[in-house]
Amino acid sequence: MINRKVSSDYDKFISKVEKIFSVTPADVKKIIDNFHQEMRRGLAGRGCSLKMIPSFVDRPAGSEAGRCLALDLGGTNSRVLAARLDGKGNARVFAVSKFVVSAALMRGAGEALFDFIAGCVREFLAKNRISLRKKYQLAFTFSFPVEQTGLAAGKLIIWTKGFSASGVEGKDVVRLLDDALWRSGLKNIEVVALANDTVGTLVTKSYSDRSCDMGVILGTGTNACYVEKVSNILKMKSRGNRRSMIINMEWGNFSKLRRCHVDRELDRASGNPGRQYLEKMVSGMYLGEITRRVVFHMISKGVFLGEGFERAYSEEYSFRTEDMSLVAAGGMPQRDLSADERKALKKICDIVSLRSARIAGGAIAAVLLWMDKELRKRHTVAIDGSLFEKYPGFEKNIKNVFRELFGRRSKKIKLEMAKDGSGAGAAVIAAWAQINHISTRRLHA
Ligand code: GLC
């Protein structure tokens, strides 16, 4: 039985951390106001931290039908799937394969990364005995900030989530994929749609639920999209005769937040300093690292007395958000902790995850209020991502923010898990484009 105690400064230290990491109801209101200001600027094409990217996609009617392949690249896994839409709101994924994207691919040459994902498609087709001779349509979910110029065209603005593959920023990612598919001999595959994961998530859910008007990812990264009136998208030159369009906000880059020195240190040491402030305070890629930094601080101040601790918590990103989930659920990533140390570690995890959930709650509320000032209608928010799905109490903490803001009206907001919805969503988008005669283009005609 290990009997190490925390020092007498423990309570003082914890209340200080609690204060620094708190998101009070007044802070939430400020987040909402700042979001509205930045959304307005972003839609008008003025400089701000929200990119507010038109997706060229609207919500589906639910009657879209057909089959499509989908390829998903957005984190440490790449997925290929085949989906069938029955035209009655059901999108059924009937085959799916997952591939690990190594750190070397994430940070190496762009061509190698695209050759790898084209190879994933090839392997998927072979495994499922799908003939290479037939023609197939493929929808591409690419979960990074892309300036879309059409349904199947768009340039990567900047990498996020630890990716830095060379020769991709500023390039049309559909063209890069097309070229890679050709190189790997897949000449019969036509890339017909390009979508962000948030857009895929919203589209999948709204295929069967008409009150779904927002998609959110709370996973390795975080981002959201929602349905906007085209007349509000002032920066779009030709608005055509469409009434609404989904906007990919890229809210991970939202910067008007109260940050503390741990956030600043983490940002400085990151691969993309000065960017993705909200993502760095909220998403799964960073929460473990924030916790580790706070714990390390505790050790250096002598609040934690454990000897093994210093070594265990000195390496960057060695404590992961999955470890936090484990701690929050009552487990421990290490065995050699005393009861006091376990309690302290759990407390820090609670504080860091609570801040994340409250910022996410404020941000979701801001978008819903933007669409519906008085919150008169019902809104389904489609959410995907392991943080939302697996972190104990995360959803409850988001809902508490809604309750504080809206009281009983908060019941109008439904948070719905849309697990792995982004891939199937891209397939729905491809079918939607066909029905609506939205042009997609083929590069190697
Ligand atoms: C990052 C990406 C964004 C994506 C999000 C969730 O923030 O920039 O495009 O939607 O992660 O995967």
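As a starting point, this report considers the structure included with it. (Residues numbered from 1 in each chain as written. Predicted model: local features only at pLDDT ≥ 70, side-chain atom pairs only at ≥ 80, totals over all residues. Heavy atoms only, no water.)

Pairing is mixed across the open sheet formed by 6 strands, whose spatial order is β1-β11-β10-β9-β12-β13. The sheet is open, and its two borders are formed by β1 (53–54) and β13 (413–417), each paired with just one other strand. Note: β1 against strand β11 (residues 244–248), 2 bridges, orientation antiparallel. Among the inter-strand pairings, Pro 54 is bridged to a residue of β11, identified as Ile 247. Sheet strands touched by helix α14 (residues 394–406): β9 (212–218) and β13. Its angle to β13, the strand with the most contacts, is close to 165°. (Pairing = 2+ DSSP bridges. Helix = DSSP H or I, 4+ residues; strand = E, 2+ residues; numbered from the N terminus. Contact = heavy atoms within 4.5 Å. Axes fitted to C-alpha atoms, helices over the stretch in contact; angles between N-to-C directions.)

Following the criterion strictly, the structure yields 2 cavities of 30 Å³ or more and no others. The calculated volume of the largest cavity comes to roughly 50 Å³. Looking at the largest cavity, the residues that line it are Ile 53, Ser 55, Phe 142, Phe 144, Val 146, Gln 148, Ala 195, Asn 196, Val 199 and Asn 248. Each residue belonging to the lining of the largest cavity can be placed in one class, and the counts come to 6 nonpolar, 4 polar and no charged. Here the second largest cavity is characterised by a volume of approximately 40 Å³. In terms of lining, the second largest cavity is formed by Leu 125, Ser 131, Leu 132, Lys 134, Tyr 136, Leu 186, Lys 187, Asn 188 and Ile 189. In terms of residue class, the lining of the second largest cavity is built from 5 nonpolar, 2 polar and 2 charged. (1 Å grid on protein atoms, 1.4 Å probe; cavity = no way out; pocket = protein on both sides within 12 Å on 5 of 7 lines; lining within 4 Å. Points joined across faces, edges and corners; volume = space filled by probe spheres on them. Nonpolar A, V, L, I, M, F, W, Y, C, P; charged D, E, K, R; others polar.)

This part covers the layout of surface pockets. If you add up the space inside the second largest pocket, you get close to 320 Å³. Considering the residues around the second largest pocket, the lining is formed by 14 residues, among which Arg 59, Asp 213, Val 227, Met 371 and Lys 377 are closest to the centre. Contributions of two or more residues to the lining of the second largest pocket are made by β10 (222–229) and α12 (339–371). The leading source of residues in the lining of the second largest pocket is β10, at 3 residues. When grouped by side-chain class, the residues that make up the lining of the second largest pocket number 3 nonpolar, 3 polar and 8 charged.

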